[in-house]
Amino acid sequence: MTSRGPMGNDRMGKVCVILAVLSARATAFALRLLGRRATSMPGLVALRLCPGLLGHLLRQLDAFVVVTGTNGKTTTVALLHAILDGQDQPWIFNDGGANLTQGLVSALLPYTAVSGALRHRRALLEVDEATLPGIVRLRAPTLLVVTNVLRDQLDRYGEVDHALACLRAGVRDASTTLVANADDPLCASLGLGRDLTYYFGIADAPQDGVARSEARDGAFCLQCGAELEYTRFVFAQMGDYRCPAGHFARPERHVAGSLPASDAGRLGVSERLSGSRPVDRFDLPLTVAGLYNVYNLLAAVTAARVLGYSPARIERGLGFYRAPTGRMQTVCETPRVVLSLIKNPAGATAVLRAIEADAVDKTVCFVINDADADGRDVSWLWDIDLESFVPRAKCAVWWCAGTRGPDMALRLAYAGVERSAITVVAQLDLVPGHVMHSGEPVYVLSTYTALHALSDMFAVQRGRAV
Amino acid sequence: MKPLRIIHLFPELLNLYADQGNIAVLRDRALRRGWPVDVRQVRLGETLDLAGVDIILLGGGSDREQEVVARALPMYRPDLAHAADAGLPILAVCGGYQLLGEYYELASGERITGLRLVDVATRAGGTRLIGNVAVERLTPSGQGTGETVVGFENHVGRTHHEYPAFGRVLRGHGNNGEDGLEGLCHKGIVATYIHGPLLPKNPHVADQLLRTALRRRGLDRPLAPLDDTFEWAAHKSVLQMLGLSDGGSVRERLVRS
Ligand SMILES: [Zn+2]
């Protein structure tokens, strides 16, 4: 970014903003005429014409809430938006996970007057970790939520260390309130030596007693390199941990969740936002499926509490929550088809746990692409804990598709699936017909670039079935 | 038959590119031929007993993890150097390849000393060499074999050495992005930047390691063929993605050129 404002406050700057807003509107209109989703393109056009536009817009906000982290950003934003919105003032947010610079501009543009003035002054934005440092330079968030720090798309960002460096840059401004995951050592380390930090975590979760081999990315002390000692694992590197030399341990949770023993139960929450206050207890409906989503729910609840929303208002807001596209989204009812995004080992393993908990006979399909947005390196497929999933999956027929369908088929064979039970589908549009044929419930796990196409295709199938 | 003993070195640190996939392939291909397998993980700081060991695997980690490993390498060097000299099969991938050598020079000029099993130097370059990769395997004298190896590479280090290369780059960057060579073969050592992981889609490389291991036990016989339909389908899909239609036609083109 070269200029601070659009171009200072001069005439040229104003002309630049007006041109950018008008062009972006025309682009969004044209995309709608073509029946395409307008997630990033209008923002891209606007930024080409006026590189300073995003800073100009962000600096007008009174409340600027950012959600970042490796997994769960989109679900957390959807949960938090359900809680915050529909109250006294509306919140701008980016649904659909367009979380790079052009996607953020696209989210703000519908609320931007031609003059460049924002009509609403509160925004809740999902921001990609790598984009975060650039955004924070334009405008420090009032509240920053970090869901977790896991291994993701190695080829895009190098390594976990790079993601962590981006997040550290994101929390540097002392005026930003940080909401972070206490159970994730990498995420929790962001709050070291920092005021205005609130931690969430899971205090009690039923254990299934199965020894799992999972990728544990943050399981080392950042100061001395010693392996962290865990007294309890929730999943991936989440749990109760401490450095054996005493440098670092799981911080106290300001908001702690307790999972109910039965599916019908509610999430118990115990809260202590400041040391001088007594512990408050309340419970909330468990509006999400899967243990990993409980962390997202706790992240959203903690952020809402810090923003001053009461438990009663949070409960009312959660009633408006709908799962975003491909986040354990039911895309068809008969047969039931559930679509879920997978993009890294910890996230995919967590999704498999949730699928395994549905103890019916089922069909499972993996759609693996390797475009930039999916991660071009598919070695992450070998870090998914399929070995513990396959014997518990209650699945007799397995399907693979996408540009890396053959890689996934091979991965399944090594995880213990009979080779004769695996079929690779060469064309994406043939997937719904194949997987729905038996009438069993279907779980489709897909990487990012096939997700929306699959969602649309299953919607068409649903239309036919009625 | 005494179990085939495989050692996975420092898996808790060097596992960046799903290197346990390579172990799974070696184990599976041995088991499918009726040989028992014994995989041992040696964590950093634990003693390494090389008696009766058939294959060693050394994977890659992040820069931070590799520095942690490098600090502890001197205690392992004498035994590993002796074993490498005696021709023990060692598969080293990406960061593991760099750690086998003399040193890795960071952008700051600081040098991380390696195991010094081979006379190999790696220096950080300005850009990341990243993407799908395909090479043609070379004989020790540098002749093309017509056999392809496919996978993914992702490294900042530029590696130079005088040993026979693992392959000749058909698509991708290889050792340094300059000389068109990829990896290293010396005695039992197979070192490469190709992950993905390496062995699932390249069953012939896995079998080469198994054959070397058996030969060292005095069992010099061909390996029973396995059903590798899935393996070659995945291999060929990468070749096609890279505009190399399949192994056979690569060979024909190489012969013609
Ligand atoms: Zn420590």
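Residues numbered from 1 in each chain as written. Chains lettered and ligands numbered in written order. Predicted model: local features only at pLDDT ≥ 70, side-chain atom pairs only at ≥ 80, totals over all residues. Heavy atoms only, no water.

## Comments concerning the coordination of the zinc ion
Residues and elements named next belong to chain A. Those donors, Cys221 (SG), Cys224 (SG), Cys243 (SG) and His247 (ND1), are the protein atoms that reach the zinc ion, and they lie 2.1 to 2.3 Å from it. What the 4 donor atoms of the zinc ion show is an angle range of 100 to 120 degrees at the metal, which sorts the shape as tetrahedral. In terms of primary sequence, the donors binding the zinc ion are separated according to C-x2-C-x18-C-x3-H. A residue pair is termed long-range when its members are at least 10 positions apart, and Cys221 in the loop between β6 (197-204) and β7 (229-233) and Cys243 in the loop between β8 (239-242) and β9 (255-258) qualify at 22 residues. Both residues of the pair, Cys221 and Cys243, belong to the buried class. (Donors = N, O, S within 2.8 Å, 3.2 Å for Na, K, Ca; no water. Tetrahedral: all angles 85-135°; square planar, octahedral: opposite > 155°, others 65-115°. Helix = DSSP H or I, 4+ residues; strand = E, 2+ residues; numbered from the N terminus. Buried < 20%, exposed > 50% of the residue type's maximum accessible area, 1.4 Å probe, protein only.)

## Brief notes about the pattern of salt bridges
Pairs can form between side chains of opposite charge once their charged atoms are near each other. Residue and element names in this part refer to chain A. Overall, the coordinates contain 29 salt bridges over all chains when judged by the stated rule. Ionic pairing is found between Asp358 and Arg336, a salt bridge with its closest N-O pair at 3.0 Å. You can see Asp358 sitting in the loop between α12 (345-356) and β14 (362-367) and its partner Arg336 sitting in the loop between β12 (329-332) and β13 (337-341), a full 22 residues away along the chain. Asp358 gets classed as buried once you look at its relative accessible area, which sits at 17%. (Salt bridge = Lys/Arg side-chain N within 4 Å of Asp/Glu carboxyl O.)

## Concerning the packing of helix α1 (residues 20-31) of chain B against helix α5 (residues 203-216) of chain B
Residues and elements named next belong to chain B. Across the interface, α1 lies against α5 with an axial gap of 10 Å and an inter-helix angle of 70 degrees. Put simply, α1 runs roughly perpendicular to α5. Where α1 abuts α5, its residues Val25, Leu26, Arg29 and Ala30 lie against Pro203, Ala206, Asp207, Leu209 and Leu210. Across the contact of α1 with α5, the residue classes break down as 7 nonpolar, no polar and 2 charged. (Axes fitted to C-alpha atoms, helices over the stretch in contact; angles between N-to-C directions. Parallel < 35°, antiparallel > 145°, perpendicular 65-115°, else oblique. Contact = heavy atoms within 4.5 Å. Nonpolar A, V, L, I, M, F, W, Y, C, P; charged D, E, K, R; others polar.)

## Describing α1 of chain B
With 12 residues, α1 of chain B should reach 16 Å at 1.5 Å per residue; the first-to-last C-alpha distance of 16 Å fits that figure. Burial in α1 of chain B covers these residues: Gly21, Asn22, Ile23, Ala24, Val25, Leu26, Arg29 and Ala30 of chain B. (Expected span 1.5 Å × (residues − 1).)

## Let's talk about the environment of Gly246 of chain A
Structurally, Gly246 of chain A can be placed in the loop between β8 and β9. Considering only alpha carbons, one finds Gly246 of chain A and Cys221 of chain A, 25 residues apart in sequence, at a separation of 9.4 Å.

## Some points on the domain arrangement of chain A
Assigned domains of chain A: these are domain 1 (28-318) and domain 2 (329-465). On a C-alpha basis, the centroid separation for the pair domain 1 of chain A and domain 2 of chain A is 27 Å. (Domains from an automatic or database assignment.)

## Focus on the side chain of Thr159 of chain B
Tracing the backbone shows Thr159 of chain B in strand β8 (residues 144-160). Each residue touching Thr159 of chain B, except ones within four places of it in the same chain, is listed here: Tyr97, Val120, Ala121, Thr122, Asn175, Asn176 and Tyr193 of chain B.

## What to know about the interface of chain A and chain B
Counting from both sides, the interface comprises 26 residues of chain A and, opposite them, 36 residues of chain B. Buried surface at the junction of chain A and chain B, both sides included, amounts to about 2,700 Å², of which 53% is carbon and sulfur. Taken together, the links from chain A to chain B amount to 3 salt bridges. We note a salt bridge from Lys201 of chain B to Asp407 of chain A, for which the minimum N-O separation is 2.6 Å. Taken together, the connections running from chain A to chain B amount to 7 residue pairs in polar contact (both at pLDDT 80 or more). Secondary structure elements with two or more residues in the side of chain A that touches chain B: α7 (154-157) and α14 (405-414) of chain A. In terms of residue count, the dominant contributor to the side of chain A that touches chain B is α14 of chain A (6 residues). Within the side of chain A that touches chain B, the residues separate by chemical class into 11 nonpolar, 3 polar and 12 charged. (Buried area = accessible area lost by both parts, 1.4 Å probe. Polar contact = N/O pair within 3.5 Å; in protein donor to acceptor, adjacent residues only side chain to side chain.)

## Let's talk about the sheet that holds strand β15 (residues 395-401) of chain A
Residue and element names in this part refer to chain A. Taken together, the 6 strands give an open sheet; going across it, the order is β12-β13-β17-β14-β15-β16, and neighbouring strands pair in mixed fashion. Only two strands of the sheet have a single partner each, and these edge strands are β12 and β16 (422-424). On average, each strand axis in the sheet is inclined to that of its neighbour by 25 degrees, with strand direction left out of account. Bridging between β13 and strand β17 (residues 442-446) involves 5 bridges; their strand directions are parallel. (Pairing = 2+ DSSP bridges.)

## Some thoughts on the packing of aromatic side chains
For the structure on display, the rule yields 8 aromatic pairs over all chains. On the basis of an interplanar angle of 20 degrees and a centroid distance of 4.2 Å, the ring pair of Tyr230 of chain A and Phe233 of chain A is categorised as stacked. Owing to a relative accessible area of 18%, Tyr230 of chain A belongs among the buried residues under this scheme. Taking the relative accessible area as the measure of exposure, Phe233 of chain A reaches 30% and is therefore partly exposed. Arranged with centres 5.1 Å apart and planes meeting at 55 degrees, the rings of Phe10 of chain B and Tyr76 of chain B form a pair that is tilted. Linking Phe10 of chain B in the loop between β1 (4-9) and α1 with Tyr76 of chain B in the loop between α2 (63-72) and α3 (77-85), this pair joins segments that are 66 residues apart in sequence. Phe10 of chain B gets classed as buried once you look at its relative accessible area, which sits at 1%. In this structure an aromatic cluster arises from ring pairing among Tyr230, Phe233, Tyr241 and Phe248 of chain A. Here the guanidinium or amino end of Arg111 of chain B rests over the ring plane of Tyr103 of chain B, the centre of that ring lying 3.8 Å away. (Phe/Tyr/Trp six-rings, centres within 6.5 Å; stacked < 30°, edge-to-face > 60°. Lys NZ or Arg CZ within 6 Å of the ring centre and 35° of its normal.)

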